[in-house]
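Descriptive structure summary
Chain by chain, the residues:
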Amino acid sequence: MSRALIIGATSAIAEATARILAQRGWHLYLTGRDPQRLEAIALDLKLRGAASVNFQTLEANDFAAHDLMLARADAALHYFDTALIAHGTLSDQIACESSFELALQEITTNALSVVSLSSRIATRLAARHSGTIVVISSVAGDRGRQSNYVYGCAKSLVTTFLSGLRQRMHKYGVNVITVKPGFVDTPMTAAFAKGLLWSKPESVAAGIVSAIARKRDVVYLPFFWRPIMLMVRLVPERVFKRLTL
Amino acid sequence: MLTRVIGSWGNVQRVPHEALSLRSRFDPFPRLSRTATLLPFGNGRSYGDSCLNAGGSLLQMRTLSRFIRFDRHTGVIACEAGVLLGEILQLIVPAGWFLAVVPGTQFVTVGGAIANDVHGKNHHRVGAFGNHVLSFELLRSTGERIVCTPKQNTALFHATIGGLGLTGVITWAELQLQPITGPWMDVESIRVTNLAEYFDLAAQSHDEFEYVVSWIDCLASGKRAGRGVLQRANHRADDEQRREPRRGNWGVPRAVPVSFVNSITLRVANTLLYHRQHTKRLRAPKHYQEFFFPLDGIVHWNRLYGPKGFYQYQCIIPGDSAEDALRELLTAIAGSGQGSFLAVLKHCGGIGQQGLLSFPMHGVTLAVDFPNRGADLERLFRSLDAIVSAARGRLYPAKDGRMPREMFRAGYPRWLEFCQFIDPRFSSSFWRRVGKAPNA
C-alpha cells in the first residue's frame with residue numbers, strides 16, 4: 001500500500017491524512033474544486049516527503065466526470081491501491097427545511113456522489129483483487145436528529161451503502177472502511193462553539209491511517225463516539241422525539 | 001457569531017473572542033462586523049495579553065500551515081505563517097539546515113516569531129528572528145496584499161517585525177536558514193557562583209560559542225546572588241550517529257487545583273538544579289531538542305501554576321549599567337521570596353534590530369516566572385519596574401500582561417512612529433492597555 005487517490009483533498013481531514021501519508025513517502029493523487037488550493041497543498045505534500053503528488057479539479061456532482069478522473073489517477077499513480085473519499089458539505093438544516101432543491105443538492109453532494117465514486121472505485125479494485133476504500137461518513141448518520149437530519153440522512157445512506165459494498169468486496173480482497181468522525185474542529189464547522197467532545201483533524205487523520213493499516217471496517221473517531229452513539233441509538237423513538245438534540 | 005473563550009500561555013486571562021479562520025493563504029480578508037477589531041492568533045505562546053483581543057475577533061492562524069518552497073542548496077524556506085518552528089525543524093534538520101534563531105519553545109508559529117521578533121541563545125552572534133526574514137506577505141483589512149522585504153515596502157517590513165500582529169495578517173514568510181552538520185550540539189555547562197563570575201564567563205564565552213545562556217537561582221541573595229549554571233554550545237561538526245533522546249510526552253491535566261510553585265517547592269527545586277552537576281564543568285553532546293527546548297517535553301507545563309496562572313517578567317538592561325541593575329533586581333526578587341525555578345539570564349548583542357518595537361538590544365536580559373499572587377506580586381513588579389526604568393531598560397511585550405503605559409512608551413521610544421503602520425481594523429488587549437495613540 002503506498003498509492004492513494006484522495007477525493008476532496010482540500011478538506012481539513014483529508015489534508016491532515018495526506019500529510020501523514022506524505023511523510024511515509026506515498027504517491028498521491030488529489031482532487032478538489034479549487035485549483036489554486038490544490039496546487040498549494042500538492043507542493044506542501046511534496047516537501048513533506050510524498051514520492052509524487054498530482055492533482056486535478058473535480059466537481060463531485062458531475063458523475064459523468066468520475067470515470068475519466070479515475071483513469072487519470074490510475075495513470076498517474078500506476079494504479080492506486082487506496083482511495084479516500086473525503087469531500088462533503090455541512091448542510092444548512094434550516095434552509096433545507098424550506099427548500100427541497102437545497103436538500104436534494106446536499107444529498108447529492110454528500111451521498112449520491114459518494115455512491116457513484118465508491119462504486120466505480122470498487123469495480124477497479126475488485127479487478128485487481130486488492131485495495132482499500134476509505135469513506136468519511138459521520139456519527140450524524142447513526143440517527144436522524146432535528147438539528148441536522150438532511151446531512152444525517154445523506155451520511156446514513158453512505159453508511160448503509162458501504163456496509164453492503166463491504167460484503168460484496170470482501171471476496172475480492174478489497175477492504176471498505178467507514179469512518180465516522182464525531183465533532184471535528186475544521187473550517188466546515190467554524191460556526192460551532194467548541195467543547196470537550198471536539199477533536200482536531202490531525203487526530204482524526206491519525207485514526208484513519210491506522211484504520212487503513214489495520215484493515216478496520218467501521219471506525220468511530222475518536223473511539224469514544226462508539227459508546228455515545230450506541231446510547232443515542234438505544235433511546236426509544238417515543239422518548240427521542242421529545243428531545244432537543 | 002461564534003464566541004470562544006481563549007487564553008494565553010500565562011493563563012491569567014481567559015476572555016471571549018469571536019473566532020475566525022482562513023482556509024488558505026489565498027482567502028480574502030475575513031469579513032468583520034462593523035465595529036469589531038481583529039488580531040491574528042498563532043499558537044498562543046505569548047504569556048500575557050499581547051495575543052488577545054478581548055471582546056474583538058481573533059484570526060486563528062494555525063490553519064495556514066503549508067510549506068511553499070525549500071531550497072536545499074541555498075537554505076531558503078518559504079511557508080505559510082501558521083507553520084510551527086518545530087515543523088520546520090522536522091523538515092530541515094535531516095537536510096542539514098537549522099533555523100537561524102529559535103526561542104525557548106518550538107511550539108510557536110512563524111507569524112508569531114516575526115510579530116514578536118523573538119530571540120534565542122545566539123542573539124549575541126546573529127541577532128533576532130527578524131534579522132533572518134527575507135520577505136513576507138501582509139494582508140491588510142483593505143484587502144491589499146503587500147510583499148515586504150528589507151528592500152521593498154521597507155517601512156512596513158520594519159513595523160511588522162516585532163509589530164505584535166497589529167500591522168496586518170502575515171500570510172506567508174520566507175526565511176534564511178543556517179547550515180549544520182547534524183542534530184547534535186556540543187554543550188558545556190559551568191556552575192557559576194555569583195553574578196560577577198557570570199559576567200566574566202559570559203564575556204569569555206561569546207567569541208567561541210554560538211549559544212550562551214544561563215539559568216540562575218533567583219532565591220540566592222547577597223554574595224551568592226546570581227549563582228546558577230551557564231550553558232554554552234555550538235552545533236557539532238561531526239555527523240556521528242547517536243541514539244536520539246526519548247522525548248517524554250508528559251502532560252499536565254487541565255484542572256490543577258492549586259499552584260505547584262510555592263516557596264517550598266521553589267527552594268527545593270532551585271537547590272537541586274544548582275547542585276545537579278557535581279563538577280564545576282560538564283561537557284557532553286546533547287540533541288538539539290534537549291538543548292533548545294527542554295520544557296517542550298512537558299505539554300502544558302504552564303498549568304502547574306494552577307488556576308490563577310502566572311506572569312513572566314522579562315526585562316532587558318542596556319550596556320554598561322547592566323551588572324548593577326541586575327544585582328538590584330535579583331536582590332529584590334530574592335527578598336520577596338517569590339519567583340520560580342525558571343529564571344534565565346542572557347547577553348544580547350549589538351546586531352541592528354529590525355523592528356520598530358523589537359525587544360532585544362545590546363545588553364542583558366533577565367526572565368523570571370512568578371505564580372500569580374495578585375497585589376503582592378504587582379507590588380514586587382512595581383519595584384522591579386523602577387530599577388529597570390532607572391537603568392533605561394524595557395520589558396518584553398510577548399511576556400507582559402501588566403506593564404504601565406508610561407513604561408512601555410519610555411522603553412519603546414519609536415512607538416508613536418509605529419502607530420502610523422497599524423492597520424485601522426487591528427487591535428489587541430495589550431495595545432489598548434499600553435499603546436493606543438494619545439488622541440484616540
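Further up the page is the structure itself.
This text gives an overview of the structure that appears in the document.

The rules behind these values
Residues numbered from 1 in each chain as written. Chains lettered and ligands numbered in written order. Predicted model: local features only at pLDDT ≥ 70, side-chain atom pairs only at ≥ 80, totals over all residues. Heavy atoms only, no water. Helix = DSSP H or I, 4+ residues; strand = E, 2+ residues; numbered from the N terminus. Rg over C-alpha atoms; globule rule 2.2 N^0.38 Å. Contact = heavy atoms within 4.5 Å. Areas by Shrake-Rupley, 256 points an atom, 1.4 Å probe, with all protein chains shown as cover. Lys, Arg positive; Asp, Glu negative; His and termini not counted. Charge placed at Lys NZ, Arg CZ, Asp CG, Glu CD. Phe/Tyr/Trp six-rings, centres within 6.5 Å; stacked < 30°, edge-to-face > 60°. Buried < 20%, exposed > 50% of the residue type's maximum accessible area, 1.4 Å probe, protein only. Pairing = 2+ DSSP bridges. Axes fitted to C-alpha atoms, helices over the stretch in contact; angles between N-to-C directions. Expected span 1.5 Å × (residues − 1). Patch = residues over 30% accessible without salt bridge, like charges linked within 9 Å, V, L, I, M, F, W, Y side chains within 5 Å. Salt bridge = Lys/Arg side-chain N within 4 Å of Asp/Glu carboxyl O. Parallel < 35°, antiparallel > 145°, perpendicular 65-115°, else oblique. Left-handed = near helix turned anticlockwise from the far one by under 90°. Nonpolar A, V, L, I, M, F, W, Y, C, P; charged D, E, K, R; others polar. Polar contact = N/O pair within 3.5 Å; in protein donor to acceptor, adjacent residues only side chain to side chain. Buried area = accessible area lost by both parts, 1.4 Å probe. Core = buried A, V, L, I, M, F, W, Y, C linked by side-chain atoms within 4.5 Å. Right-handed = clockwise from strand over helix to strand, strands pointing away.

Quick word on the overall build of chain A
For chain A, the helix and strand inventory stands at 9 helices and 7 strands. The C-alpha radius of gyration computed for chain A amounts to 17 Å, which stays within 12% of the reference 18 Å derived for 245 residues, consistent with globular compactness. With the C-alpha coordinates of chain A rotated into their principal frame, the extents come out at 55 × 40 × 35 Å. Taking as baseline every contact in chain A between residues at least 6 positions apart, the subset at least 24 positions apart corresponds to 71%. Of the roughly 11100 Å² of accessible surface on chain A, 59% is carried by carbon and sulfur atoms. Positive and negative side-chain charges of chain A, numbering 28 and 18 respectively, have mean locations separated by a distance of 9 Å.

Thoughts on the packing of aromatic side chains
Residues and elements named next belong to chain B. Under the criterion given, the structure shown has 25 aromatic pairs over all chains. Measuring from centroid to centroid gives 6.0 Å for Phe292 and Phe293, while their planes differ by 45°, and the two rings are tilted. Given the relative accessible area of 0%, Phe293 is considered buried. Here Tyr313 and Phe381 contribute two aromatic rings whose centre-to-centre distance is 5.2 Å and whose plane-to-plane angle is 20°, an arrangement assigned as stacked. Placement of Tyr313 in strand β17 (residues 310–318) and of Phe381 in helix α9 (residues 375–390) is noted, with a sequence separation of 68 residues between them. Like Phe381, Tyr313 is buried. By way of ring pairs, the aromatic residues Phe98, Tyr211, Tyr288, Phe291, Phe292 and Phe293 are connected into one cluster.

Observations regarding the sheet that holds strand β3 (residues 38–41) of chain B
Residues and elements named next belong to chain B. Across the sheet, which stays open at both edges, the 4 strands sit in the order β1-β2-β4-β3 with mixed pairing between neighbours. Strands at the two margins of the open sheet, each flanked by one partner only, are β1 (3–7) and β3. In this sheet, neighbouring strand axes are inclined to one another by 50° on average, regardless of whether the strands run parallel or antiparallel. Bridging between β3 and strand β4 (residues 57–60) involves 4 bridges; their strand directions are parallel. Bridged to Phe41 within β4 is Gln60.

Overview of helix α8 (residues 322–336) of chain B
Residues and elements named next belong to chain B. The end-to-end C-alpha separation of α8 is 21 Å, in line with the 21 Å expected for 15 residues at 1.5 Å each. Taken together, the buried residues of α8 touch α5 (195–208), β12 (211–216), β17, β18 (343–348), β19 (363–371) and α9. Looking one or two residues past α8, Gly337 carries a phi angle of roughly 70°, positive in sign.

Here we look at a nonpolar patch on the surface
A grouping of A:Leu90, A:Met188 and A:Phe192 is seen on the molecular surface, where their side chains present a nonpolar patch of about 240 Å² in accessible area. Topologically, A:Met188 is positioned in the loop between β6 (174–181) and α7 (201–213).

Section: the environment of B:Val102
Residues and elements named next belong to chain B. Relative to the assigned elements, Val102 resides in the loop between β7 (97–99) and α2 (110–115). By relative accessible area, Val102 is classed as buried at 4%. Through-space distance from the C-alpha of Val102 to that of Asn122 is 8.6 Å; in sequence the pair is 20 residues apart. Among residues more than four places away in sequence, those in contact with Val102 are Leu89, His119, Gly120, Lys121, Phe292 and Phe293.

A short note on the packing of helix α1 (residues 12–23) of chain A against α7(A)
All names here are of chain A. Axis separation between α1 and α7 bottoms out at 8 Å; the angle between their running directions is 60°. One element, α1, and the other, α7, form an angle in the oblique class. In this structure, α1 crosses over α7, and the sense of that crossing is right-handed. Of the residues in α7, those touching α1 at Ala12, Ile13, Ala16, Thr17, Ile20 and Leu21 are Pro201, Glu202, Val204, Ala205, Ala206, Ile208 and Val209. Class assignment of the residues belonging to the contact of α1 with α7 gives a composition of 11 nonpolar, 1 polar and 1 charged.

Digging into the side chain of A:Gln93
All names here are of chain A. Assignment of secondary structure puts Gln93 in helix α4 (residues 93–98). Within the structure, Gln93 has its side chain in polar contact with the backbone nitrogen of Val150 (distance 3.1 Å). Setting aside its immediate chain neighbours within four residues, Gln93 contacts Gln146, Ser147, Asn148, Tyr149 and Val150.

Examining the interface of chain A and chain B
Across the boundary between the two partners, chain A contributes 19 residues, which contact 16 residues of chain B. Together, the buried faces of chain A and chain B total about 1600 Å²; carbon and sulfur atoms form 53% of this surface. A per-residue breakdown of the area chain A buries against chain B is headed by A:Arg37, A:Leu47 and A:Pro187, which together make up 36% of the total. Remark: the boundary between chain A and chain B carries 2 salt bridges. The shortest N-O distance in the salt bridge between A:Asp185 and B:Arg4 comes to 3.4 Å. There are 5 residue pairs in polar contact (both at pLDDT 80 or more) connecting chain A and chain B. Within the residue set of the side of chain A that touches chain B, elements represented by two or more residues are α1 and α2 (35–47) of chain A. Examining the composition of the side of chain A that touches chain B, we find that 7 residues originate from one element, α2(A), more than from any other.

Here we look at the environment of B:Val83
Residues and elements named next belong to chain B. Here Val83 lies in the loop between β6 (76–80) and α1 (85–92). A residue is classified by how much of its surface remains accessible, and Val83, at 0% relative accessible area, is buried. A sequence separation of 26 residues divides Val83 from Thr109, and the C-alpha atoms of the two residues are 5.3 Å apart. The contacts of Val83, once residues within four sequence positions are left out, are Arg62, Leu64, Ser65, Arg66, Phe67, Ile88, Val108, Thr109 and Val110.

Details of the nonpolar core
Counting 123 residues, the largest nonpolar core has B:Ile88, B:Ile92 and B:Leu366 as the members making the most contacts within it. Discounting residues that sit within four places of it in the chain, B:Ile88 has contacts with B:Phe67, B:Ile77, B:Cys79, B:Val83, B:Leu99, B:Val110 and B:Leu175. Core analysis: the next-biggest nonpolar cluster, separate from the first, contains 34 residues, A:Ile13, A:Ala14, A:Val134 and A:Val219 among them.

With respect to the pattern of salt bridges
Tallying each qualifying case throughout the model produces 33 salt bridges over all chains. When salt bridges with common partners are traced through the structure, they connect A:Glu15, A:Arg19, A:Asp44, A:Arg48, B:Arg25, B:Arg66 and B:Glu80 into a single cluster.

Digging into the pairing of strand β2 (residues 27–32) of chain A
All names here are of chain A. With 5 of 6 residues buried, β2 lies mostly within the body of the structure. Direction of pairing for strand β1 (residues 3–7) relative to β2: parallel, over a ladder of 5 bridges. Bridging from a neighbouring strand, Arg3 pairs with His27 of β2. Note: β2 against strand β3 (residues 52–57), 6 bridges, orientation parallel. By the bridge assignment, Gly32 is partnered in β3 with Thr57. In this region the chain leaves β2, passes through α2 and returns to the parallel neighbour β3; the handedness of that crossover is right-handed.

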